[in-house]
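If you want the building blocks of each chain, they are given just below.
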Amino acid sequence: MFNPLSPEFQRNPYPTYDQLRAETPILYYEPWDLWFITRYEDVRALLRDRRLGRTMDHIISREARGLPPTPEHLLPFRKLSDHSMFDKEPPEHTRLRSLVHKVFTPKRVESLRGRIQQVADGLIDAHIQRGEMDLLEDFAVPLPVTVIAELLGVPETDRHHLRPWSNDIVKMYELDHTPEQEQQAIQASIDFAAYLRHLAEARRHNPQDDLISALALVEEAGDRLTMDELISTCVLLLNAGHEATVNVMGNGLWALFQHPAQMQRLLDQPDLIPTGVEELMRYDTPLQLFRRWALEDFTYQGMAFKQGMQFGLMFGAANRDPARFANPHQLDVGRADNPHISFSEGIHFCLGAPLARLELQVAFATVLRRLMGLHLLETPAYRDTYVIRGLDALRVGFTPKTSG
Ligand code: HEM
């Protein structure tokens, strides 16, 4: 019997996905009144289907759905999501996304290439003489945190808050969370919002050459971001801007250690890094599940779904579907036909995908090029989370060097 909370499933969901995909690809899970979807074509079709949305609050209120109002203590967390494009549907989603898109442009991202390489090299330089490091804490975490913090304009002295705040908040996206985790997420929401309000107000009065200033000033046809929207957007960019990227680096490097021939291919042919990055994102999907709600009654694959029904789209299952990917359980860093779904599809397609791809390509290329004789010091373990899939640590050894 499928149990999404079982530690065995969460540690390695892929065998269960195979079974679900083959036997019950659209599975009603009664305990949560939710439909789990595992086939690639279904996940993709439902992500693009405008009869489903990330929220349905714009169509019918919680009260009208017979749900209790949001408990008072959850309001600080809810306030952040209520003003973020991530949890909005058109027309509000379109409005927020296009305002952000106006300043978070591909050109701005491409201009970061040199700086990303510099940060990656600096992190390796800091450890190269020791001959060992934790590639997660010493490299995969600080690289994207530094990049997104610099891009937004968070001063260096304050950056140590970002990872703990983000970690506490994103626990709310897991399938289950303890009251203690809920309390931590609420406190982090309060502190993060207060910090960003202060920073955004300062930038509105005294703009700098950074993304917070650009977002504070962006205007389209007389429309601007409100202060609450500005705060929520910054939290979204800071959190989304590193959580998954960290885990693609960790999960991806671990996958390469388990497939030494594939690691060797990347060492011999660095021009395979771009396809390698896409394959590592497919092979061990960093964000395993996203929810959607039926905005109206509708029929799909001959099945009738009622307005308000909830869906759990299993990205990790879709990315290993043999109907779409040849030999899906095989890691192939040269895989040419690889339309993985890790950045989602449809209107919520990851806004940061160009930045994530750039960071990941630089990160893998730098680690493989600079750390000679790279080997594992201990077998890594996955954290006990499911939606955000990632390792605790990745301790490696390599040949020490006296200069970079
Ligand atoms: C490998 C790293 C990343 C992965 C796997 C990833 C994945 C995703 C996914 C799956 C979604 C859509 C969720 C849904 O459909 O419900 C999303 C949305 C988003 N991502 Fe990413 N992301 C990554 C990196 C980034 C970065 C670096 C940024 C920004 C700096 C970013 C910013 C966003 C934003 C703003 C959204 C909301 C888009 C919307 O709702 O319209 N992401 N991301």
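Residues numbered from 1 in each chain as written. Predicted model: local features only at pLDDT ≥ 70, side-chain atom pairs only at ≥ 80, totals over all residues. Heavy atoms only, no water.

Participant: Looking at this structure, how should I read the site of the ligand?
Facilitator: Taken together, 30 residues form the shell around the ligand, and within it R54, H93, S344, H348 and C350 come nearest. R54 has a polar side-chain atom sitting 2.5 Å from an oxygen atom of the ligand. Looking at the shell around the ligand, the elements that each hand over two or more residues are α5 (92-103), α13 (227-240), α14 (243-258), β7 (289-294) and α18 (353-370). Of the residues contributing to the shell around the ligand, the split by class is 20 nonpolar, seven polar and three charged. (Near = heavy atom within 4 Å. Polar contact = N/O pair within 3.5 Å; in protein donor to acceptor, adjacent residues only side chain to side chain. Helix = DSSP H or I, 4+ residues; strand = E, 2+ residues; numbered from the N terminus. Nonpolar A, V, L, I, M, F, W, Y, C, P; charged D, E, K, R; others polar.)

Participant: Help me out: how do you make sense of the coordination of the iron atom of the ligand in this one?
Facilitator: For a metal with four donors in a tetrahedral arrangement, the ideal angle between donors is 109.5 degrees, while six donors in an octahedron ideally sit at 90 or 180 degrees. Protein coordination of the iron atom of the ligand is limited to a single donor, C350 (SG), positioned at 2.3 Å. Residue placement: C350 occurs in the loop between α17 (315-318) and α18. (Donors = N, O, S within 2.8 Å, 3.2 Å for Na, K, Ca; no water.)

Participant: Can you walk me through the nonpolar core in this structure?
Facilitator: With 95 residues, the main nonpolar core has F139, L143, L196 and L215 as its most contacted residues. The element contributing the most residues to this core is α18, with 10 residues. Residue contacts for L196: discarding those within four places in its chain leaves I212, I231, C234, V235 and L238. Within the second largest apolar cluster, 23 residues are counted, among which are I37, V43, L52 and L287. (Core = buried A, V, L, I, M, F, W, Y, C linked by side-chain atoms within 4.5 Å. Buried < 20%, exposed > 50% of the residue type's maximum accessible area, 1.4 Å probe, protein only. Contact = heavy atoms within 4.5 Å.)

Participant: What is the right way to read the pairing of strand β10 (residues 310-314) from this model?
Facilitator: In the case of a regular strand, side chains alternate between the two sheet surfaces. Judged by how many residues are buried, β10 sits mostly within the fold: five of five residues are covered. Taking every second residue as pointing to the same face, both faces of β10 are buried, with Q310, G312 and M314 on one and F311 and L313 on the other. In this structure, strand β2 (residues 34-37) lies alongside β10, joined through four bridges in parallel fashion. When the bridges of β10 are listed, L34 appears paired with Q310. In terms of strand pairing, β7 meets β10 through five bridges, oriented antiparallel. Across the sheet, residue W293 finds its bridge partner in β10, namely Q310. (Pairing = 2+ DSSP bridges.)

Participant: Please explain unusual backbone geometry as it appears in this structure.
Facilitator: The phi angle of most residues is negative, glycine excepted, and most peptide bonds adopt the trans form. Between P90 and the following residue, P91, the backbone shows a cis peptide bond with an omega angle of 5°. Along the chain, P91 falls in the loop between α4 (75-82) and α5. Located in the positive-phi region is D33, a residue other than glycine, with phi close to 50°. Here D33 shows up in the loop between β1 (26-29) and β2.

Function cannot be read off these values alone, since they describe shape.
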